[in-house]
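Topology and contacts: notes
So you can see what is in the structure, the chains are spelled out below.
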Amino acid sequence: MNQARQLTFSIFRYDPQDPNDKPQMVNYYITETPGMTVFIALNKLRETQDPSLQFDFVCRAGICGSCAMVINGKPTLACRTLTANFPSAEISLMPLPGFELIGDLSVNTGKFMRELAERLQLWLHPSDTAMDIHRIEAPMAPEEAAKLYELERCVECGVCVSACATKQMRDTFVGAVGLMKIARFELDSRDSRTSDDFYHVIGNQDGVFGCMTLLGCQDACPKDLPHMQQIAYLRRKMSISVSNL
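None of these values were measured; they are calculated from a predicted model.

Inside soluble globular proteins, nonpolar side chains tend to come together where they are buried. Core analysis: the biggest nonpolar cluster contains 65 residues, and F9, I11, L42 and L93 have the highest contact counts within it. With 7 residues, helix α6 (residues 175-187) is the single largest residue contributor to this core. In this structure, L93 is in contact with F9, S10, I11, F12, M25, V38, L42, M69, V70, I71 and L105, ignoring residues within four places of it in sequence.

On to the domain arrangement of the chain, then. Per the domain assignment, the segments of the chain are domain 1 (6-106) and domain 2 (109-244). The distance between the C-alpha centroids of domain 1 and domain 2 comes to 30 Å. Contacts between domain 1 and domain 2 engage 15 residues on the former and 15 residues on the latter. Carbon and sulfur atoms make up 60% of the surface buried where domain 1 meets domain 2, a total of about 1,100 Å² over both sides. Taken together, domain 1 and domain 2 are joined by 1 salt bridge.

At a closest axis distance of 11 Å, the pairing of helix α2 (residues 109-120) and α6 adopts a crossing angle of 45°. Taken as axis vectors, α2 and α6 run oblique relative to one another. Here the hand of the crossing between α2 and α6 comes out right-handed. Counting all contacts with α2, which are made through F112, M113, L116 and L120, the residues of α6 involved are V177, G178 and I182. Considered class by class, the residues forming the contact of α2 with α6 number 6 nonpolar, 1 polar and no charged.

This paragraph deals with the sheet that holds strand β4 (residues 74-77). Pairing is mixed across the open sheet formed by 5 strands, whose spatial order is β2-β1-β5-β3-β4. The strands lining the two open edges of the sheet, one partner per strand, are β2 (24-31) and β4. The average undirected angle you get between the axes of adjacent strands in this sheet is 35°. Note: strand β3 (residues 68-71) against strand β5 (residues 90-94), 2 bridges, orientation antiparallel. Bridged to V70 within β5 is M94.

Below, the discussion takes up unusual backbone geometry. Of note, Q121 is a non-glycine position whose phi angle comes to about 55°, a positive value. Along the chain, Q121 turns up in the loop between α2 and α3 (142-152). Residue Q121 is classed as partly exposed on the basis of its relative accessible area of 35%.

Another aspect to go through is the packing of α6 against helix α7 (residues 195-202). It is at 11 Å that the axes of α6 and α7 come closest, and there the two elements cross at 170°. As far as their axial angle goes, α7 and α6 are roughly antiparallel. Contact with α6, carried on its side by L179, I182, F185 and E186, involves S195, F198 and I202 of α7 and no other residues of that element.

Judged by side-chain polarity, M169, M212 and L214 come together as a nonpolar surface patch covering roughly 340 Å² of accessible area. Structurally, L214 is set in the loop between α7 and α8 (216-220). Assessed through its relative accessible area of 56%, L214 is described here as exposed.

Attention now moves to the packing of aromatic side chains. Scanning the entire structure with this criterion turns up 3 aromatic pairs. Ring centres 5.1 Å apart and planes at 65° place the aromatic pair F39 and F57 in the edge-to-face group. Of this pair, F39 sits in helix α1 (residues 38-48) while F57 sits in the loop between α1 and β3, placing them 18 residues apart in sequence. Here the aromatic cluster, defined as three or more aromatic residues joined through ring pairs, consists of F39, F55 and F57. One Lys or Arg, R184, reaches over the ring of F185 and ends 4.5 Å from the middle of that ring. Its end group placed over the ring of F185, R193 keeps NZ or CZ at 5.5 Å from the ring centre.

What counts and how
- Residues numbered from 1 in each chain as written.
- Predicted model: local features only at pLDDT ≥ 70, side-chain atom pairs only at ≥ 80, totals over all residues.
- Heavy atoms only, no water.
- Core = buried A, V, L, I, M, F, W, Y, C linked by side-chain atoms within 4.5 Å.
- Buried < 20%, exposed > 50% of the residue type's maximum accessible area, 1.4 Å probe, protein only.
- Helix = DSSP H or I, 4+ residues; strand = E, 2+ residues; numbered from the N terminus.
- Contact = heavy atoms within 4.5 Å.
- Domains from an automatic or database assignment.
- Buried area = accessible area lost by both parts, 1.4 Å probe.
- Salt bridge = Lys/Arg side-chain N within 4 Å of Asp/Glu carboxyl O.
- Axes fitted to C-alpha atoms, helices over the stretch in contact; angles between N-to-C directions.
- Parallel < 35°, antiparallel > 145°, perpendicular 65-115°, else oblique.
- Left-handed = near helix turned anticlockwise from the far one by under 90°.
- Nonpolar A, V, L, I, M, F, W, Y, C, P; charged D, E, K, R; others polar.
- Pairing = 2+ DSSP bridges.
- Patch = residues over 30% accessible without salt bridge, like charges linked within 9 Å, V, L, I, M, F, W, Y side chains within 5 Å.
- Areas by Shrake-Rupley, 256 points an atom, 1.4 Å probe, with all protein chains shown as cover.
- Phe/Tyr/Trp six-rings, centres within 6.5 Å; stacked < 30°, edge-to-face > 60°.
- Lys NZ or Arg CZ within 6 Å of the ring centre and 35° of its normal.

Shown next, in the form of structure tokens:
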């Protein structure tokens, strides 16, 4: 019977609210258990060794996106990362770059997503704005519904933002998550906005033409969403729009 491994976690620690605190990497040691994820390990560390350790979680099933962090240099979800994936038994944890740091591994992705939604108006703009609770909902073709469902699988974890070189160089870039959501409404037949309307929102270097196509979002997305397919789709639509201006 194989002896359980001893894991070494090197974790970023820093409380920006404490003026006397300084960023540092702190080592923690824990015995690996079968099926252990980074999320499980973090909870055990907080329960048994350091209750002040800050990180986020809600669902533990890769649905909420809260536990996103940089694990051994790669942004991903802690709840979907097995410690067995690291042969060296040494795991480093850093907060996602590109977001406001709350403390340790916790970042404010919610603030970013809200500001992005307001900036890009990421909600349905129906052609008929009259309210009638007795009206039957407009039917949608199954093919269209399937396309929208695929894009709605985004859990807003922020991984694609942290993996994006363009976003790290230009803070005003909307990122793959913003473009994915725009594509979702551009495909929705119930939305009254035209390609020209979307062009005025993302038809610039902060939008769809700013992407350098390095595939960081596609490679890192924990939900395997078709980021590059949708960015290419929007580029074609926006190119047609600009040629008609």
